[in-house]
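Each chain is listed here by its residues.
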Amino acid sequence: MPEPPAGPPLARRYRRSAEVDAGASPLQGRVATALAGSGAALAALATLPARGRHPAVVLATLHDLALAGRAPALAAAYAAGDGEAAAAAAVATLVGATDAVAALAARRQPRTDGTGRCAVLYPAVAEAARRVGAGAVGLVDVDCAAGSGLLVDRVGITYGDGPVLGDPSSPVQLSASVVGARPVPARAVPPVVARVGVDRAPLDVTDGDDARWLRACVPPDRPERRARLDAEMALVAADPPALLRGEAADVLPDALARVPADALPVVTTTWALSRLSPAGRLRFLRRLEEAGAARPVAWVSVEGVGVAPAVPTLGDRPASGHSILGVTVADGSGLHAAAVGRCWSRGRLLSWLAES
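Parameters at a glance
Residues numbered from 1 in each chain as written. Predicted model: local features only at pLDDT ≥ 70, side-chain atom pairs only at ≥ 80, totals over all residues. Heavy atoms only, no water. Core = buried A, V, L, I, M, F, W, Y, C linked by side-chain atoms within 4.5 Å. Buried < 20%, exposed > 50% of the residue type's maximum accessible area, 1.4 Å probe, protein only. Helix = DSSP H or I, 4+ residues; strand = E, 2+ residues; numbered from the N terminus. Contact = heavy atoms within 4.5 Å. Salt bridge = Lys/Arg side-chain N within 4 Å of Asp/Glu carboxyl O. Pairing = 2+ DSSP bridges. Axes fitted to C-alpha atoms, helices over the stretch in contact; angles between N-to-C directions.

Visitor: Honestly, the nonpolar core in this entry has me stumped. Any pointers?
Guide: The nonpolar side chains of a soluble globular protein tend to be buried, and buried together. With 55 residues, the main nonpolar core has Val137, Leu139, Val155, Tyr159, Val266, Val300 and Leu325 as its most contacted residues. Looking at this core element by element, the count peaks at 10 residues for helix α8 (residues 118–132). With residues up to four places along the chain from it excluded, the contact list for valine 300 reads Leu121, Ala124, Val125, Ala128, Val266, Val267, Thr268, Thr269, Leu325, Gly326 and Val327. Residues Leu10, Tyr14, Ala41 and Val91 belong to the second largest nonpolar core, which totals 32 residues.

What follows is the structure in structure tokens.
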């Protein structure tokens, strides 16, 4: 029988994080290991608000302090890629600046905002427009973070050996592998005439603190991810979306009202509904249905199996490791939901199911 993990719960939590980070970010894996092995660091972590003790929050917070010039030794270690020095500096920063860490951790949350989800959203937005016969769309992204999910038409996307969609000259180029018998349709997204982001705590890329936090959420030893993030933020800053703060069901009517009457509002959720209770998901769906009584509204969902209400599950089992790509249209006659695809690895692998 295996022995139970040693050490207090916080130490175990950070060791698990280190194991996960070891492949994606050896530098952060080394830092997490050091925090788990330091009694002083664990004592400091224990004083943080419960949500702020999460390794992802603390690692990003320490990185933010380094980027802001408030932890110079840690910044130098990160710049040099020196894991041993970074580990020591991270412990010293946490212990010596616990109040600063706590203040930042209390108001921030990890954001993995990125355009990667655009690869799976693009064909579904185009499909929603086709089903309604729309010549223009307005995008409303739920849990938008900084709004990069609203850039579906402003990035270039290559689908395996199939079509290149979006903007082939964009500084942000994405790719997705395609499996299954059906190719991704080469249908273009109609002109986007409105971009609205909805989030409980949206981030404004033109604000220095918000932009730095987004960079802090990228591991310091992943320069390629940092470069893409900077390119994404530049695209967002060139045409900033309207950002609405609040719960989706509460602010959805305001968000939809910002889409011109001659365009189809397309609401997008990418792994956003799982944080809601089943009752909260149904409330969100009711808001869509109510809005559809006045004008057609489309909802493109990329959610785990069974998470998006009304969207068929195709007989798949919940928690099966993939997500269902749904297109739902709300109009005066009710809700019309279809599953148009499956995706894996946060949209990097796509199986298109709908007929072209």
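From this point on, the discussion continues.
Visitor: Would you mind showing me how to read the pattern of salt bridges here?
Guide: A side chain with one charge can pair with a side chain of the opposite charge if their charged atoms come near. Here the structure, examined in full by the defined rule, presents 20 salt bridges. In this structure, the salt-bridge partner of aspartate 199 is arginine 111, at a minimum N-O distance of 2.6 Å. With aspartate 199 in strand β5 (residues 192–199) and arginine 111 in the loop between α7 (98–107) and α8, this residue pair connects regions lying 88 residues apart in the sequence. With respect to class, aspartate 199 is no different from arginine 111; both count as buried. For the salt bridge of glutamate 290 with arginine 287, the shortest nitrogen-to-oxygen distance reads 3.4 Å. One end of the pair is glutamate 290 and the other is arginine 287, both in helix α12 (residues 278–292) and 3 residues apart, which spans about a single turn. The class of arginine 287 is partly exposed, set by a relative accessible area of 25%. Several salt bridges share partner residues, and in doing so they unite Glu127, Arg130, Arg131 and Arg187 into one network.

Visitor: What is the right way to look at the sheet that holds strand β11 (residues 349–352) in this model?
Guide: Strand order in the open sheet formed by 11 strands is β3-β2-β4-β11-β10-β9-β8-β7-β1-β5-β6, and the pairing between neighbours is mixed. Both outer strands of the open sheet, β3 (164–166) and β6 (242–245), are each paired with one neighbouring strand and no more. When the angles between neighbouring strand axes are averaged without regard to direction, this sheet yields 25 degrees. Two elements, strand β7 (residues 264–270) and strand β8 (residues 297–304), share 5 bridges in a ladder whose sense is parallel. Looking at β8, one finds that valine 266 is bridged to alanine 298. On top of the sheet, α12 reaches β1 (137–142), β7, β8, β9 (323–331) and β10 (334–344); it is set at about 160 degrees to β8, its chief contact.

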